[in-house]
Protein chains: 2
Amino acid sequence: MANSKLYKGSLNTIILKLLDEKGKMYGYEITQKVKELTKGELKITEGALYPALHKLEAEGLLDVEVAKVDNRIRKYYKLTDRGEKETVNRLAELEEFIRSMQNLVNPNWSIQ
Amino acid sequence: MANSKLYKGSLNTIILKLLDEKGKMYGYEITQKVKELTKGELKITEGALYPALHKLEAEGLLDVEVAKVDNRIRKYYKLTDRGEKETVNRLAELEEFIRSMQNLVNPNWSIQ
DNA sequence: TTCTTATGCATAAGATTTTTAGGTATGATT
DNA sequence: AATCATACCTAAAAATCTTATGCATAAGAA
């Protein structure tokens, strides 16, 4: 099955939610986790991910902590307090979007 | 409740599906229908809608038929054969996206 | 031992899709 | 007479992504 497209705007929500669950993650880890959780359906490209992380950090939603593992640099990101609150809002918006789309495209949709 | 944001890429799917259901619709009608179906949650801006309709038409997915009602012009759009096939694909992609997002952001999500 | 793959970061150019902000015009309501 | 609803449209800017590229280390295969 070809990988389905990532609707623009959903990447930030994905990042925030994963960090909310995991506590802290580094960029490469996020790309792998998304691939794993979606069985390869969604692939986060690095060209999208890193700028997104930098922006979320600049907006004060994420904090960074640099670590060195096996002589390689890792940048661990975690939610700030504002980031946690924002995550709640983004998830609510995503849920609302999904409900709206279901009403629009298929009122009888049974997504388990 | 504030209107939730439209994830970029979903507009085309919305247009195609509405036309699939209704047979034919004109632009303004689409904006009103979306507002109605989502109880004001999603608002299709004309600046996005009209270029999108023109592009779908240019791609051969829509046909246009101009009508005059009450001395006002209406442009009715309907799916071409290719448009119908494409609609099936887009809906499958949307469903896949939704499933992926559910796995990512909330494995226990009970939508509907 | 050299080549490839995996890990890990990053940026820049271009494409796509949207918002924002206008514009034109008719008919109905205040 | 002014405003709102209907109905079309475009252009500039913003937002977000893909594609392409770059650097570097470690591990495994040839």
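Here, every reference points to the structure presented above.
What you see is a predicted model, and the numbers here were worked out from it, not measured in a lab. (Residues numbered from 1 in each chain as written. Chains lettered and ligands numbered in written order. Predicted model: local features only at pLDDT ≥ 70, side-chain atom pairs only at ≥ 80, totals over all residues. Heavy atoms only, no water.)

Comments concerning helix α3 (residues 46-58) of chain A
Residue and element names in this part refer to chain A.
Right, on to step 1. Between the first and last C-alpha of α3 there are 18 Å, a value that for 13 residues agrees with the 18 Å anticipated at 1.5 Å per step.
Right, on to step 2. Turning to α3, its buried residues number three or more, namely Leu-49, Ala-52, Leu-53 and Leu-56. Take α3 and look down its axis: the buried residues cluster within an arc of 100°, on one side only. Exposed side chains of α3 directed beyond 90 degrees from the buried face belong to Gly-47, Lys-55 and Ala-58.
Right, on to step 3. Those residues of α3 hidden inside the fold are in contact with α1 (10-22), α2 (27-37), β2 (62-69) and β3 (72-79).
Right, on to step 4. At the exit of α3 stands Gly-60, carrying a positive phi of roughly 80°. (Helix = DSSP H or I, 4+ residues; strand = E, 2+ residues; numbered from the N terminus. Expected span 1.5 Å × (residues − 1). Buried < 20%, exposed > 50% of the residue type's maximum accessible area, 1.4 Å probe, protein only. Arc of directions from axis to C-beta. Contact = heavy atoms within 4.5 Å.)

Observations concerning the interface of chain B and chain A
Right, on to step 1. If you look at the interface, chain B gives 37 residues, while chain A gives 37 residues.
Right, on to step 2. Counting the surface lost from both chain B and chain A, the interface buries some 3,700 Å², and carbon and sulfur atoms represent 67% of this.
Right, on to step 3. For the pair chain B and chain A, the number of links is zero salt bridges.
Right, on to step 4. Our count for the contact surface shared by chain B and chain A stands at three residue pairs in polar contact (both at pLDDT 80 or more).
Right, on to step 5. Contributing elements (two or more residues each) for the side of chain B that touches chain A: α1 (10-22), α2 (27-37) and α4 (81-105) of chain B.
Right, on to step 6. A per-element tally of the side of chain B that touches chain A places α4(B) first, with 14 residues. (Buried area = accessible area lost by both parts, 1.4 Å probe. Salt bridge = Lys/Arg side-chain N within 4 Å of Asp/Glu carboxyl O. Polar contact = N/O pair within 3.5 Å; in protein donor to acceptor, adjacent residues only side chain to side chain.)

Observations regarding the packing of helix α4 (residues 81-105) of chain A against α4(B)
Right, on to step 1. In contact at an axis separation of 12 Å, α4(A) and α4(B) are set at 150° when each is read in the N-to-C sense. It follows that α4(A) is roughly antiparallel to α4(B) by the angle criterion. For the crossing formed where α4(A) meets α4(B), the hand is left-handed. On α4(B), the residues that touch Leu91(A), Leu94(A), Phe97(A), Ile98(A), Met101(A) and Val105(A) of α4(A) are Leu91(B), Leu94(B), Phe97(B), Ile98(B), Met101(B) and Val105(B).
Right, on to step 2. Of the residues belonging to the contact of α4(A) with α4(B), the class tally is twelve nonpolar, no polar and no charged. (Axes fitted to C-alpha atoms, helices over the stretch in contact; angles between N-to-C directions. Parallel < 35°, antiparallel > 145°, perpendicular 65-115°, else oblique. Left-handed = near helix turned anticlockwise from the far one by under 90°. Nonpolar A, V, L, I, M, F, W, Y, C, P; charged D, E, K, R; others polar.)

Notes on the side chain of Lys17(A)
Right, on to step 1. By the element assignment, Lys17(A) lies in helix α1.
Right, on to step 2. Beyond its immediate stretch of four places on either side in the chain, Lys17(A) contacts Thr87(A), Leu91(A), Leu104(B) and Val105(B).

With respect to unusual backbone geometry
Excluding glycine, residues mostly carry a negative phi; peptide bonds, for their part, are mostly trans.
All names here are of chain B.
Right, on to step 1. Even without being glycine, Asp-70 reaches a positive phi, approximately 55°.
Right, on to step 2. Inspection of the secondary structure assignment puts Asp-70 in the loop between β2 (62-69) and β3 (72-79).
Right, on to step 3. One non-glycine residue with positive phi stands out, namely Asn-71, at about 65°.
Right, on to step 4. Among the secondary structure elements, Asn-71 is positioned in the loop between β2 and β3.
Right, on to step 5. Residue class for Asn-71 comes out exposed when judged on its relative accessible area of 65%.

Quick notes on the pattern of salt bridges
Where charged atoms from two side chains of opposite charge come close, those side chains can pair.
Residue and element names in this part refer to chain A.
Right, on to step 1. Throughout the structure, instances matching the rule amount to twelve salt bridges over all chains.
Right, on to step 2. Salt-bridge contacts for Glu-36 lead to Lys-33; the nearest nitrogen and oxygen are separated by 3.7 Å. Note that Glu-36 and Lys-33 are positioned in helix α2 at a spacing of three residues, about one turn of the helix.
Right, on to step 3. Given the relative accessible area of 52%, Glu-36 is considered exposed.

Observations regarding the pairing of β2(A)
All names here are of chain A.
Right, on to step 1. Examined bridge by bridge, β2 and β3 share eight bridges and lie antiparallel to one another. Within the sheet, the bridge partner assigned to Asp-63 lies in β3 and is Lys-78.
Right, on to step 2. Joining the antiparallel neighbours β2 and β3 is a turn of two residues, in which Asp-70 adopts a positive phi near 55°. (Pairing = 2+ DSSP bridges.)

With respect to the protein's contact with DNA strand D
Right, on to step 1. Taken together, 24 residues form the shell around DNA strand D, and within it Arg72(A), Tyr26(B), Tyr28(B), Tyr50(B) and Lys75(B) come nearest.
Right, on to step 2. Here Asn71(A) contributes a side-chain N or O atom positioned 3.3 Å from a phosphate oxygen of DNA strand D.
Right, on to step 3. In the environment of DNA strand D, a phosphate oxygen lies 2.7 Å from a nitrogen or oxygen atom belonging to the side chain of Tyr26(B).
Right, on to step 4. Going through the elements one at a time, α1 and α3 of chain A together with α2, α3 (46-58) and β3 of chain B are the ones with two or more residues in the surface near DNA strand D.
Right, on to step 5. Element by element, the count of residues in the surface near DNA strand D is highest for α3(B), at five residues.
Right, on to step 6. Tallied by class, the residues present in the surface near DNA strand D amount to seven nonpolar, eight polar and nine charged. (Near = heavy atom within 4 Å.)

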